[in-house]
Structures are given as C-alpha cells and as structure tokens.
Amino acid sequence: GVYRPTSVLAVTFPTRAAGELRSRLQQLGAHGVQARTFHSAALRQLQYFWPRAYGSDVPSVLDNRMSLVAESAGRLRVRVDTARLRDLVSEIAWAKVSNVRPEDYARLAEQHHRSVASIDAETVARIFTGYEEAKRDRGRIDFEDILLCTAALISDHPDVAEQVRRTYRHLVVDEYQDVSPLQEALLTLWRGDSQEICVVGDPAQTIHSFAGAQPTFLTGFARRFREATVVKLVRDYRSTPQVVGCANQVMAVAGASSLKLVAQRPDGPQVSFAESADEAAEASGVADWVEAQHAAGVDYRD
C-alpha cells in the first residue's frame, strides 16, 4: 500500500526468473508490477518510443549472429570453425555490454585480459567492425543493441526520459551482482535523479563475469547511495552447519564475499573431500557415491 504497483519496474536476468518474480508478486497481492528481464523491459520501451522519435518501426532483432560474424571473418579471409565462431560471438557480446567500441577493442582487450584463441586482438576488432557494418546494411539489431538503442533513446530525447521516469518511479533489481556496465548505464538512465532503487544480490554468486558482469556495482552500492539501508541475509535454511562452515571457509579464501552465513538446520555428517582426474571421473565418482548412499539406506528426503 506504500507504492502504486504500476509505478514499479522490477528487472532480473533469465526469462524464467522474471516469470517466478511475477508469480510471487501476484501471490503477495502486488498486481500490476512490471517484472521483466532487462532486455524485455528495454525492448518494450524501444517498440513504444522508437516510432515516435524516428518515425519508423524498430529494426528487427537478429535471430542468428553467428552467420554475420562468419561472413565478416570470411571477408577478412580468417578461417574459423564452429567453436572459434562461438568465441567470436561471445567476445563481441562482451565488448558491447562493456561499452567497448570496435575501434577501441584491441587496446582495451589487453587491459581486460581478453583473447580469442589463435586470433589476435586487431583481427577480432576488424571482424567486430565488419559484423556491425553487415548488421547496419541489413537494417537489423542484435540482442545487445536492444539495450544500447534504449539507452541512446532515453539519453538523446529528454521527453522520452521524462515519460519513462514518470511511469516507473521505483526500480527493483534482482541478481544485481550480474549487471554489466551497459545494464548499469541503462538503470541510471531509467532512474534519473531518483533514489528510489532497491537491489538484491550476492557477490559470491556472480556467474556472468565472462559476459561483462561486474559485482563491484553491488559491493559499491552503499558508497554510491549513502542513505541506502543495507539488509544482510545471512541465514542459510538449506544446508547443515558442516556444509555452511565449509562454504564460509572457501568464500573467505577466495575473497568472494565478506558475509559469513549462519546455518539454521541441525548438525549433519562432516564434509568429505575427493579429487578427480577430469570431469568424467568426477561425474562417475559422484554417481558411485550416491548409489552407495542409497544402498546404505539413506533417504534423500532426510
């Protein structure tokens, strides 16, 4: 009852997570909240404002980037197999969400320790340039362009910015540790001068670093927003004290989190350790262990 649900925009990452968010909000009686992925929220704004700003429909989103990247590499006579092609697509995506332009890629790739196997940074930059040109020639945009175009639209058109900020007065960001520089820039444009933002995340669970995610946006949030209320969720309801204690030790050594989790379940067996030569051996070892536990009468529901 404090906020109007229709004035709240909640964003997260996978489509499935957005669906779960909508479901939980409805169960809480908060009907009307826009709960979407970053790209879904941005695309909706793009489709609404682009025709008003430019007098034309939004360019179609590219279904398959690999073909255009392969075309660009082919023009430069760079031979790429499927695995290397995937690496190039991923590297171009990283560059775009990190606000790295093709002409700056070679210089910044070295700073960020980025590389594509057997292809030097200058060549990657040229393939990147060719890909962008091929996309423009066909009047298409890719997945990252959805965010880039939305950010440009809000930045370049004050009337669009004012309408977006008037519509969505309160922002909620789930899995904030996984935002990229581009997503953070878009959040800032959505927010404007408002301080009405709530973020949820865990720096120890950053899983999109390879794609440009920077957990420092989360860890530095309280420094950027001096009046923010910080709520630390340290109770672990899933695992035994032995497992939680082991996790705390690992995280402390890795420097991934300053939080120390507190187990809420009863004691369990001590943690055991095993080494494996490779992934296949590890999988086989886990299967054998589960089978042995089952044979010993252990019920997984316990």
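Above this text sits the structure in question.
Residues numbered from 1 in each chain as written. Predicted model: local features only at pLDDT ≥ 70, side-chain atom pairs only at ≥ 80, totals over all residues. Heavy atoms only, no water.

Formed by 37 residues in total, the largest nonpolar core has its most connected members in Val11, Phe38, Val173, Tyr176, Leu187 and Trp190. Of all elements in the fold, only strand 1 (8-12), helix 2 (38-54), helix 7 (143-156), helix 8 (158-167), strand 5 (170-173), helix 9 (181-191), strand 6 (197-199) and helix 10 (216-219) reach the threshold of two or more residues within this core. Excluding residues that lie within four positions of it along the chain, Tyr176 makes contacts with Glu184, Leu187, Val199, Val200, Gly201, Phe217, Leu218, Phe221 and Arg224. Grouped together as the second largest cluster of nonpolar side chains are 23 residues, Ile92, Trp94, Tyr105 and Ala134 included. (Core = buried A, V, L, I, M, F, W, Y, C linked by side-chain atoms within 4.5 Å. Buried < 20%, exposed > 50% of the residue type's maximum accessible area, 1.4 Å probe, protein only. Helix = DSSP H or I, 4+ residues; strand = E, 2+ residues; numbered from the N terminus. Contact = heavy atoms within 4.5 Å.)

Below, the discussion takes up the environment of Ala17. Take Ala17: it is sitting in helix 1 (residues 15-27). Ala17 gets classed as partly exposed once you look at its relative accessible area, which sits at 25%.

If you check the backbone angles, Arg77 has positive phi at about 60 degrees while not being a glycine. One can find Arg77 in the loop between helix 3 (65-75) and helix 4 (82-97). Accessibility expressed as a relative area gives 78% for Arg77, which makes it exposed. Here the phi dihedral of His113 falls at roughly 55 degrees; this positive angle occurs in a residue that is not glycine. Note on placement: His113 falls in the loop between helix 5 (102-111) and helix 6 (121-137). Note on His113: relative accessible area 73%, which makes it exposed.

Turning our attention to the side chain of Asp236. If you trace the backbone, Asp236 turns up in strand 7 (residues 235-236). The charged side chain of Asp236 is buried without a salt bridge, its nearest counter-charge being Arg238 at 6.2 Å. For Asp236, the side chain forms a polar contact with the main-chain nitrogen of Arg238, separated by 2.9 Å. Non-local contacts of Asp236, meaning those with residues more than four positions away in its chain, are made with Val244, Leu261, Val262, Ala263, Gln264 and Arg265. (Lys, Arg positive; Asp, Glu negative; His and termini not counted. Salt bridge = Lys/Arg side-chain N within 4 Å of Asp/Glu carboxyl O. Polar contact = N/O pair within 3.5 Å; in protein donor to acceptor, adjacent residues only side chain to side chain.)

What follows covers the layout of surface pockets. There is about 1,900 Å³ of room inside the largest pocket. Breaking the lining of the largest pocket down by element, the ones donating at least two residues are helix 1, strand 6, helix 10, helix 11 (221-224), strand 7 and helix 12 (241-254). The greatest single-element share of the lining of the largest pocket, amounting to five residues, is contributed by helix 1. For the lining of the largest pocket, the per-class residue count stands at 21 nonpolar, 10 polar and 12 charged. One number sums up the size of the second largest pocket: a volume of about 860 Å³. (1 Å grid on protein atoms, 1.4 Å probe; cavity = no way out; pocket = protein on both sides within 12 Å on 5 of 7 lines; lining within 4 Å. Points joined across faces, edges and corners; volume = space filled by probe spheres on them. Nonpolar A, V, L, I, M, F, W, Y, C, P; charged D, E, K, R; others polar.)

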